[in-house]
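Residue-level structure breakdown
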Amino acid sequence: MPSILIIDDNASVGTALEVLFSLHDIDALHALSPEAGLALLEQQPVDLVIQDMNFTEDTTSGEEGEALFEQIRARHPDLPVILLTAWTHLSSAVDLVKAGAADYLAKPWDDRKLLITVNNLLELSETRRELDRRREREQRDRSALESRYDLRGAVVADPASERVVNLACQVARSALPVLITGPNGAGKEKIAEIIQANSLVAKGPFVALNCGAIPSELIEAELFGAEAGAYTGANKAREGKFEAADGGTLFLDEIGNLSLGGQMKLLRVLETGRFERLGSNRERQVKVRVISATNADLPAMIRDGQFREDLYYRLNTVELALPPLAERPGDILPLAERFLDSGKPLSTAAATALQRHGWPGNVRELRNVLQRADLLAMGPRIEAGDLNLPRAAAPRAASPTVDPDRSRIETALAHNHGIIAQTAAELGLSRQALYRRMDRYGIPRE
């Protein structure tokens, strides 16, 4: 049962509110003075405070209420406070609301309006507490992950990236091929490094090859090596990446750029561990853990005849889908601080700008933006203007004529961490309208 503390020197006010709340399954405590109210707050937790603005007879300035509010806010910064005020000091209450109080109501109050306000604030307070509990759990999980595995200095602050890293660490000790999917610049190579660092071949070499950066006519030589004279310019024999990675891990980035001929040879190596250098008939044997990555739609390439289906399933024994940075908002600020070499802090406006940007270039774009800002910023902090980000377009309000379906409501709830007020605003609905639709679709009111 939720609990409310009423701080008012008028005993009849306290009694009336206690009766009102008891009829609606809300426990109410009453203190007749600021001192008694503060003492009660230290003795037992409450979910909300309703306080008067004056406590001394013939005093109407509201200064006592302001002082009490400041003391409550200093000791309990997240505790919602409703101010009971007379019209003579309404402006003081409005100023306090702007300073952090939850709401104000004029005396004599309207029972219905008071109950609506209280229930809304209690719901919001419980949602915040649940978010705090969730963040604490996530922090504990991240700490456990960091203590158990070698994360190669990766920033893992968002639940989405934590899930990918956790799965990468779980599959690391197997010898199965892993396919990492995700957009360019999202950090796929870092995931590959984490797999290598926690694998049974952690002490072996880690060799990376970007298949998209090598001309198609040379990529097979890069992979398998070549004998002298195997192609124009091959003046001496050279080993390929498979030989260099023997006893370790070979990371093949942009695997979708590999030619069909190279795909066939790669499939044979994955199945047998055997290959020949270009221009040689002598088979060589290696033991290599292969991790591949792509930003391409490999199933679509299979349908178009551009990628071998048998190779896809051989590479895709375990798939790790790394979301774009925009879908890992918890990673943005920790990554930004990692990229600042000068130690200059981010201003509040700069941090807000970073979180609002869409990051089409993902982590790579974020690194470039912060490194440039770090170099060019003239002040003691990184300001929003130093980031040189494009001005974000104003978000369009949701059209009230479009009734959101179940999927859209669930997506909005997840995006807003279950906070009803924010979800309703995003969907262009009132809170009650959102509740009606949740009930219609059977979405629980958590």
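Here is what the cut-offs are and how they apply
Along every chain, residues carry numbers that run from 1 in the direction the sequence is written. Note on the predicted model: pLDDT of at least 70 is required for a residue's local features to be given, and 80 or more for side-chain atom pairs to be given and counted; whole-chain, interface and lining totals, by contrast, use all residues. The basis for every side-chain value is the complete set of non-hydrogen atoms in the structure, without hydrogens or water. Pairing of aromatic side chains requires ring centres within 6.5 Å, counting the rings of Phe and Tyr and the six-membered ring of Trp. Pairs whose planes differ by under 30 degrees are stacked, by over 60 edge-to-face, and all others tilted. Here a helix means four or more residues in a row that DSSP labels H or I, a strand means two or more in a row labelled E, and each is numbered from the N terminus. Per-residue accessibility, obtained with a 1.4 Å probe over protein chains only, is compared with the maximum for each type, and a residue is labelled buried under 20%, exposed over 50%, and partly exposed between these values. Any two residues having at least one pair of non-hydrogen atoms within 4.5 Å are treated as being in contact. The term salt bridge refers to a pairing of a side-chain nitrogen on Lys or Arg with a carboxyl oxygen on Asp or Glu at a separation within 4 Å. What pLDDT reports is the predictor's confidence in each residue, on a scale of 0 through 100.

1. Notes on the packing of aromatic side chains
Tallying each qualifying case throughout the model produces five aromatic pairs. When the ring of F224 is compared with that of F242, the centres are 5.7 Å apart and the planes differ by 5°; the resulting orientation is stacked. One end of the pair, F224, is in helix α8 (residues 216-224); the other, F242, is in helix α9 (residues 241-244), with 18 residues separating them in the sequence. Taken together, a centroid distance of 5.2 Å and an interplanar angle of 65° make the contact between Y312 and Y313 edge-to-face. For Y312, a relative accessible area of 11% translates into the label buried.

2. What to know about the side chain of S3
Assignment of secondary structure puts S3 in strand β1 (residues 3-7). Under the relative-accessibility criterion, S3 is labelled buried at 7%. Those residues in contact with S3 that sit more than four places away from it in its chain are D27, L29, P45, V46, D47 and L48.

3. Let's talk about the pattern of salt bridges
The tally for this structure, following the rule as stated, stands at 16 salt bridges. Residue E243 is joined to R277 by a salt bridge in which the shortest nitrogen-to-oxygen separation is 2.9 Å. Linking E243 in helix α9 with R277 in the loop between β9 (274-276) and β10 (283-285), this pair joins segments that are 34 residues apart in sequence. The two residues E243 and R277 agree in class, both being buried. For the salt bridge of E283 with R274, the shortest nitrogen-to-oxygen distance reads 3.5 Å. Overall, the relative accessible area of 32% leaves E283 in the partly exposed class. Because the salt bridges share partners, they merge into one network encompassing E227, E243, R277 and R284.

4. Quick notes on the confidence of the model for the protein chain
Taken over all residues, the pLDDT of the protein chain has a mean of 85, while the share at 70 or more is 92%. Scored below 50 in pLDDT, residues 393-401 shows five contacts in the model against residues more than four places distant or in partner chains.

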